[in-house]
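Breakdown of the fold
Spelled out, the chains give:
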Amino acid sequence: MARMGSDEDPKDDLQVSAPKKWAAGVPAVAHAMEFSLAQAGPRRTALTLFNLNQTDGIDCPGCAWPDPKHRHRNEYCENGAKHVADEATTRRVTREFFAEHAVAELDQKSDLWLNQQGRLTEPVVKRPGGTHYEPISWDDALDLVAGELTSLGSPDEAMFYTSGRVSNEAAFLLQLLARTYGTNNLPDCSNMCHESSGSGLGETLGVGKGTVSLEDIHQADLVFVVGQNPGTNHPRMLTALEETKRNGGRVIAVNPLPEAGLFRFKNPQKPRGVVGRGTPIADRFLKIRPGGDLALFQALNRLLLEAEDDAPGTVLDHDFIQSDTTGFDEFAAHTRTVTWEHVLEATGLARDEIEAVHREVLASRRVIVCWAMGLTQHRHGVPTIREIVNFLLLRGNLGRPGAGVCPVRGHSNVQGDRTMGIWERPTDEFLDALGREFSFEPPREHGYDSVAGVKAMLEGRAKVFIGFAGNFVRAMSDSAVTEDALRRCRLTVQVSTKLNRSHTVCGETALILPTLGRSDRDVQASGEQFVTVEDSMSEVHQSRGRLDPASPHLLSEVAIICRLARRTLREGTPGAAIPWEDFEADYSRIRDRISRVVPGFEDFNARVAEPGGFRLPSPVNERRYPTPSGKAVFSCNDLDMITAPPGHLVLQSLRSHDQWNTIPYAMNDRYRGVHDARRVVMVNPVDLAELGLEDRQLVDIVSVWTDGSERRAEGFRVVSYPAARGSAASYYPETNVLVPLDSIADVSRTPTYKGVIVRLEPAGSAG
Ligand SMILES: Nc1nc2c(c(=O)[nH]1)N[C@H]1C(S)=C(S)[C@@H](COP(=O)(O)OP(=O)(O)OC[C@H]3O[C@@H](n4cnc5c(=O)[nH]c(N)nc54)[C@H](O)[C@@H]3O)O[C@H]1N2
Ligand SMILES: Nc1nc2c(c(=O)[nH]1)N[C@H]1C(S)=C(S)[C@@H](COP(=O)(O)OP(=O)(O)OC[C@H]3O[C@@H](n4cnc5c(=O)[nH]c(N)nc54)[C@H](O)[C@@H]3O)O[C@H]1N2
Ligand code: SF4
Ligand SMILES: [Mo]
């Protein structure tokens, strides 16, 4: 179903300007202020922005980029300011609003409109057969959920989804509730995000997380930024790369799109960023074909092996390979089968571009590879990440300063939620520790991930969906199928701060439970609380809300979980003996338990009280690898690429500058020069000419899948754009309808949001 927006939406009225060659700078600050003042007003703007990312303040609810040791007064970026203003908004969704708008009517509104209605203020319910949401007390709402949960035939008929804004404390309690209730059905946004990183790193290094710190980035000789658009999605990463450059390091960007932030950065915190031309970031830009990264790193690895052949003992780190790794010989033999013919076809790059990168690698003692969704959301995302590990192992670029792997996480606490046990495939060690601490036998059978969860709902095997944060319906692939799945549930529950599509696409009974956001003050029986989060570099620290809550009727996520647990877990079972009431009253008691269950959190309360918190150790940095062999693993990865049949393109769905995941804030994508429109598809002008299409032409995007099925997203404007040949780019979530549910990455099962084979049909030409 194509959602075309509503009358109240800003008009889809495409204006195009030249893509920007630099990111941030003063216009960014001006945009942030304008947005914040309009949403939140001057007082709340001041309270949030001056406390954002300060050691005693609010952790930015935006991305998971870490904070520097020495903090600036304005330690945030344009988009961080927008994310917090979106939460601190003074607009409110009230009971009158729900009385006025039927669910069916809300379902016709755009994502942008729904979000703009403001913060949710009290629990509401849609009853079976009902047309509207109506107010319900907290007690009745939670009794209703508990009633459904306890009446299910098996705990595995319920699913507990989490999005990465949820705090460590809430995440730990949520997985404890799910497991004492009896299921590992804990799908999360990570399934759609960095799961491939977790899989690829877990298999090869034994730890599914990055190994570098901000200091390492500053000290590296060479940083690869692969499949990532930091200017929009991790803006303060540019400040870090500016430092790398100042220290003499170099940066290589690999991307099908010439993203603005990859080229030049004007740091608004520095005088020269305000008046000057800014710092050039990428020394080299490889405009790669979608999905070509595996072949690129295989080629670099072959070149390293050959350089070692030419000058034995000078290229590879033999001591490291000998002492820390296994599988080198098989890997080397396999890598020597990689051919230039394959590499050039897969990457679309010229041989001398790759050889030039190889020379840079040889000249660099300390190398880091950073990546995000441009790698993880491909069918062969996991092998690509394994190949990057091979690349780093060859020259011992792990476990020492200025070197390592850096999957750059999306949501501010997505990494922490995993650390806290939000995972449908928990390890036995984790379950053992949890069971010991809370005197119960946790379920061992693996639960549903996001894709399996949709199938289970479709087939009636899952009947209750409870979402803690996020917007599952819009985030998942195959929108029409996912919507159908949710509508088949007996009960859908969304614990949310703001209205979104997951409230309008709902089960027979549906509940919206409004909760405190990061910026809201959280007062419980023992006094004011803070929560904790873990960023992309494993730094764990506090976040303390500063604003008066959006409504007096909000409960914190922790409170909602504790109250639900007390109603759901049957008297006499170990779950009922857990002191949920104490946890709600005083979050430090939750942290005490975390410190006894989760490795690395010993003495949690004391250590997180320190300004800036503490960093979780990575065994890899101590040159320990928790793999079965105890060594880092060289892997052999099949040569693979994405091939589109003639007349087709490889479509990626990505973020505009003005959105947070499924939620557009406005209709612009400033850095790419796209204004007042979101239904656009960016294509290289040469491809357009070959396809017989014109710039600005109205087209339908049609995806084709191996089973012969086709999916259609209607009414997109073609924008002639300097994208890699054979590729197309369009915004998410409007294009999620095109991604088949079964189109998933090998091993990680992440939907292949970045590798969809499509053709563009002039609009109206469909029979
Ligand atoms: N403002 C803002 N910030 C955000 C978010 C947001 O929505 N808005 N979302 C947050 C979240 S949850 C996440 S996960 C991160 C996402 O951060 P990103 O991964 O930067 O997000 P995307 O917009 O999906 O961009 C993917 C990038 O990969 C490139 N790419 C696509 N395919 C390929 C490929 O095959 N090879 C290579 N080398 N590159 C490719 C695209 O051109 C694009 O630059 O951002 C986080 N930060
Ligand atoms: N086509 C395509 N699809 C994608 C992607 C892509 O690149 N392309 N990216 C994928 C990725 S990387 C991700 S991470 C997922 C994102 O999927 P999700 O994390 O599920 O989605 P969000 O859009 O971040 O969720 C926004 C909603 O979260 C709620 N919220 C915000 N803050 C809070 C809070 O503090 N507490 C609570 N309880 N609720 C809160 C608000 O109600 C808001 O409407 O989407 C995935 N889907
Ligand atoms: S870089 Fe990320 S965490 Fe930092 S202020 Fe910007 S959005 Fe927030
Ligand atoms: Mo993400």
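Scroll up for the structure.
Worth saying up front: this structure is predicted, and the values here are computed from it rather than measured. (Residues numbered from 1 in each chain as written. Chains lettered and ligands numbered in written order. Predicted model: local features only at pLDDT ≥ 70, side-chain atom pairs only at ≥ 80, totals over all residues. Heavy atoms only, no water.)

**Overview of the nonpolar core**
- Counting 65 residues, the largest nonpolar core has F160, F172, L173 and W580 as its most contacted members.
- With nine residues, the top contributor of residues to this core is helix α7 (residues 168–181).
- Setting aside chain neighbours within four positions, we find F172 in contact with M420, L434, F438, I590, R593, I594, V597 and V598.
- The next biggest cluster of nonpolar side chains, apart from the first, holds 48 residues, and it includes V226, L296, W371 and Y625. (Core = buried A, V, L, I, M, F, W, Y, C linked by side-chain atoms within 4.5 Å. Buried < 20%, exposed > 50% of the residue type's maximum accessible area, 1.4 Å probe, protein only. Helix = DSSP H or I, 4+ residues; strand = E, 2+ residues; numbered from the N terminus. Contact = heavy atoms within 4.5 Å.)

**Observations concerning the site of ligand 1**
- Near ligand 1 lie 33 residues; those nearest to it are N255, E259, G291, D293 and N661.
- In the environment of ligand 1, a nitrogen atom lies 3.0 Å from a nitrogen or oxygen atom belonging to the backbone of V254.
- Note that an oxygen atom of ligand 1 is positioned 2.7 Å from one of the backbone N or O atoms of G291.
- With the chains in place, 99% of the 920 Å² that ligand 1 exposes on its own is no longer accessible.
- Residue composition of the shell around ligand 1, by class: twelve nonpolar, 17 polar and four charged.
- Composition of the shell around ligand 1 by domain shows at least three residues from each of domain 2 (195–407) and domain 3 (649–762). (Near = heavy atom within 4 Å. Polar contact = N/O pair within 3.5 Å; in protein donor to acceptor, adjacent residues only side chain to side chain. Areas by Shrake-Rupley, 256 points an atom, 1.4 Å probe, with all protein chains shown as cover. Nonpolar A, V, L, I, M, F, W, Y, C, P; charged D, E, K, R; others polar. Domains from an automatic or database assignment.)

**Things to note about the layout of surface pockets**
- Its boundaries defined by the atoms lining it, the largest pocket holds a volume of some 1300 Å³.
- For the lining of the largest pocket, the secondary structure elements donating two or more residues are α8 (195–205), α20 (414–419) and α21 (428–438).
- Here the lining of the largest pocket gets five residues from one element, more than from any other, and that element is α8.
- Looking at the lining of the largest pocket residue by residue, the classes come out as 15 nonpolar, 16 polar and ten charged.
- The two domains that each donate at least three residues to the lining of the largest pocket are domain 1 (117–189 + 413–611) and domain 2 (195–407). (1 Å grid on protein atoms, 1.4 Å probe; cavity = no way out; pocket = protein on both sides within 12 Å on 5 of 7 lines; lining within 4 Å. Points joined across faces, edges and corners; volume = space filled by probe spheres on them.)

**Section: the site of ligand 2**
- Close contacts around ligand 2 come from 30 residues, with Y161, S163, E557, T662 and N736 the closest.
- At 2.7 Å from an oxygen atom of ligand 2 is found a side-chain nitrogen or oxygen belonging to Y732.
- Between a nitrogen atom of ligand 2 and a side-chain N or O atom of Y753, the distance comes to 3.5 Å.
- Notes on ligand 2: free accessible area 930 Å², of which the protein chains cover 97%.
- Grouping the constituent residues of the shell around ligand 2 by class yields twelve nonpolar, 13 polar and five charged.

**Some words on the sheet that holds strand β8 (residues 222–226)**
- Sheet architecture is open: five strands sit in the order β12-β9-β8-β14-β15, paired in parallel fashion. Because the sheet does not close on itself, it has two edges, and the strands there are β12 (284–286) and β15 (404–407). Strand-to-strand twist across the sheet, computed as the mean angle between neighbouring axes with direction ignored, equals 15°.
- Two elements, strand β9 (residues 250–254) and β12, share three bridges in a ladder whose sense is parallel. (Pairing = 2+ DSSP bridges. Axes fitted to C-alpha atoms, helices over the stretch in contact; angles between N-to-C directions.)

**With respect to the pattern of salt bridges**
- Tallied over the entire structure, the rule returns 65 salt bridges.
- Here E78 makes a salt bridge to R670, at a shortest N to O gap of 3.0 Å. Of the two residues, E78 is situated in helix α2 (residues 78–88) and R670 in the loop between β27 (663–664) and β28 (674–675); the sequence distance between them amounts to 592 residues. Exposure class is identical for E78 and R670. Each is buried.
- Salt-bridge contacts for R444 lead to D432; the nearest nitrogen and oxygen are separated by 2.8 Å. One end of the pair, R444, is in the loop between α21 and α22 (450–458); the other, D432, is in helix α21, with twelve residues separating them in the sequence.
- On the basis of relative accessibility, which here comes to 33%, the residue R444 falls in the partly exposed class.
- Judged by relative accessible area, D432 falls into the partly exposed class, the value being 33%.
- Residues joined by salt bridges that share partners form a network here, namely D107, D111, R474, R487 and R501. (Salt bridge = Lys/Arg side-chain N within 4 Å of Asp/Glu carboxyl O.)

**Focus: a nonpolar patch on the surface**
- On the surface, V29, M33 and L37 cluster together into a nonpolar patch covering about 230 Å² of accessible area.
- The exposure class assigned to L37 is partly exposed, which follows from its relative accessible area of 42%. (Patch = residues over 30% accessible without salt bridge, like charges linked within 9 Å, V, L, I, M, F, W, Y side chains within 5 Å.)

**Some details on the packing of aromatic side chains**
- With the rule as written, the count across this model stands at 20 aromatic pairs.
- On the numbers, 6.2 Å between centres and 45° between planes, the contact of F172 with F438 is tilted. Of this pair, F172 sits in helix α7 while F438 sits in helix α21; the two residues are 266 residues apart in sequence, bridging distant segments of the chain.
- Relative accessible area serves as the criterion here: at 1%, F172 is assigned to the buried category. (Phe/Tyr/Trp six-rings, centres within 6.5 Å; stacked < 30°, edge-to-face > 60°.)

**So, the pairing of strand β16 (residues 464–468)**
- With five of five residues buried, β16 is to be regarded as a mostly interior element.
- Side chains V464, I466 and F468 project from β16 onto one buried face, and the interleaved F465 and G467 project onto a second face that is buried too.
- Across five bridges, strand β7 (residues 158–162) lies against β16 in parallel orientation. Across the sheet, residue T162 finds its bridge partner in β16, namely F468.
- One ladder, built from five bridges, connects β16 with strand β17 (residues 491–496); its direction is parallel. Bridge assignment links V464 to a residue of β17, and that residue is L491.

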